[in-house]
Amino acid sequence: GLVACREFDSVRIAGRGIKATEGGTEEVRLEDSCINTLRLGWRSWEIELGMQKRRPGGSVDLPKQATGSDFYQERFDNDRLRRPLSAGAWRDGEKIRPFGPGGRKKLKKVFAERRVPLRQRHEIPVIRDAGNEVLWVCGVCRSNQAPLSRDTVNVLVISARLQE
C-alpha cells in the first residue's frame, strides 16, 4: 500500500494516494508597495516589490540570503525592466538566461542541476516581466535581465516568503 519515489540520491516513501504535486495554474500580476499572495500547489507565497533609491556609483545592499527555504530576495535595475511583472508556476519548456556567461537554459535543466525534487518544482514562484521573460526562479536561479550596475538609480527589491 505504499509508493516509492526516487529523488536524486534518496527515496521517498508515501501512501498510495500521495503523488508529485501538480502546480497551481494561478498567475498574479505583481503590484508595487503591497503584499501579493500566490498559491502554488500546497504552498502559499507572499511576494513583495520594494524600491530603493541610490546615487549612481553608490553601493547597493546585497540580497538577503535564504533563511532555510522560506524567504528569498533578489534585486534588479528597475529602469531596465519591462513592467508589469507577474508570478506563477513554471511552464513546460520555459527557458531562462541565467546570470553570468552562457545562453538560455530550460527551467527543467536548471531545476535538475540545482537538485530541486520534481514534486517541489511547481510550488516555486517564477517571476516574469511583461514579455513573459523569466527574471527569477525564487531561491533557485536569477536571470541576466536588468542587472545592477554603477548607473543603477532605482533598485527593485523582490522578496518572496513562504507562508505556513
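What comes next is a walk through the structure. (Residues numbered from 1 in each chain as written. Predicted model: local features only at pLDDT ≥ 70, side-chain atom pairs only at ≥ 80, totals over all residues. Heavy atoms only, no water.)

1. Describing the environment of Glu-123
Next up, step 1: Structurally, the position occupied by Glu-123 is in the loop between helix H2 (118-121) and strand E10 (126-128).
Next up, step 2: Of the residues examined, Glu-123 reaches a relative accessible area of 6% and is grouped as buried.
Next up, step 3: Taking the C-alpha atoms as reference points, Glu-123 and Ser-44, 79 residues apart in sequence, are found 8.5 Å from one another.
Next up, step 4: Reaching out from Glu-123, the side chain makes a polar contact with the side chain of Arg-43 at a distance of 3.3 Å. (Helix = DSSP H or I, 4+ residues; strand = E, 2+ residues; numbered from the N terminus. Buried < 20%, exposed > 50% of the residue type's maximum accessible area, 1.4 Å probe, protein only. Polar contact = N/O pair within 3.5 Å; in protein donor to acceptor, adjacent residues only side chain to side chain.)

2. Regarding unusual backbone geometry
Next up, step 1: A cis amide bond links Arg-83 to the next residue, Pro-84, at an omega of 0 degrees.
Next up, step 2: Relative to the helices and strands, Pro-84 is located in the loop between strand E6 (71-77) and strand E7 (85-88).
Next up, step 3: In this structure, Ala-146 is a non-glycine residue whose phi angle is positive, near 50 degrees.

3. Topic: the sheet that holds strand E12 (residues 141-142)
Next up, step 1: Sheet architecture is open: five strands sit in the order E3-E7-E10-E11-E12, paired in antiparallel fashion. Looking at strand neighbours, the two that pair on one side only are strand E3 (27-30) and E12, the edges of this open sheet.
Next up, step 2: Direction of pairing for strand E11 (residues 134-137) relative to E12: antiparallel, over a ladder of two bridges. Note on E12: the bridge partner recorded for Trp-136 is Arg-142. (Pairing = 2+ DSSP bridges.)

4. Thoughts on the pairing of strand E4 (residues 35-40)
Next up, step 1: Residues Asn-36, Leu-38 and Leu-40 of E4 are buried on one face, while the alternating residues Ile-35, Thr-37 and Arg-39, pointing to the opposite face, are not.
Next up, step 2: Two elements, E4 and strand E5 (residues 43-53), share six bridges in a ladder whose sense is antiparallel. Bridge pairing in E5 links Leu-40 to Arg-43.
Next up, step 3: Linking E4 to E5, which pair antiparallel, is a turn of two residues; within it Gly-41 sits at a positive phi near 60 degrees.

5. Things to note about the packing of aromatic side chains
Next up, step 1: This structure, assessed with the given rule, holds two aromatic pairs.
Next up, step 2: The interplanar angle of 35 degrees and the centroid separation of 6.3 Å between the aromatic rings of Trp-45 and Tyr-72 together place this pair among those described as tilted. Pair noted here: Trp-45 is in strand E5 and Tyr-72 is in strand E6, with a separation of 27 residues, a long-range link. Each member of the pair Trp-45 and Tyr-72 is classed as buried. (Phe/Tyr/Trp six-rings, centres within 6.5 Å; stacked < 30°, edge-to-face > 60°.)

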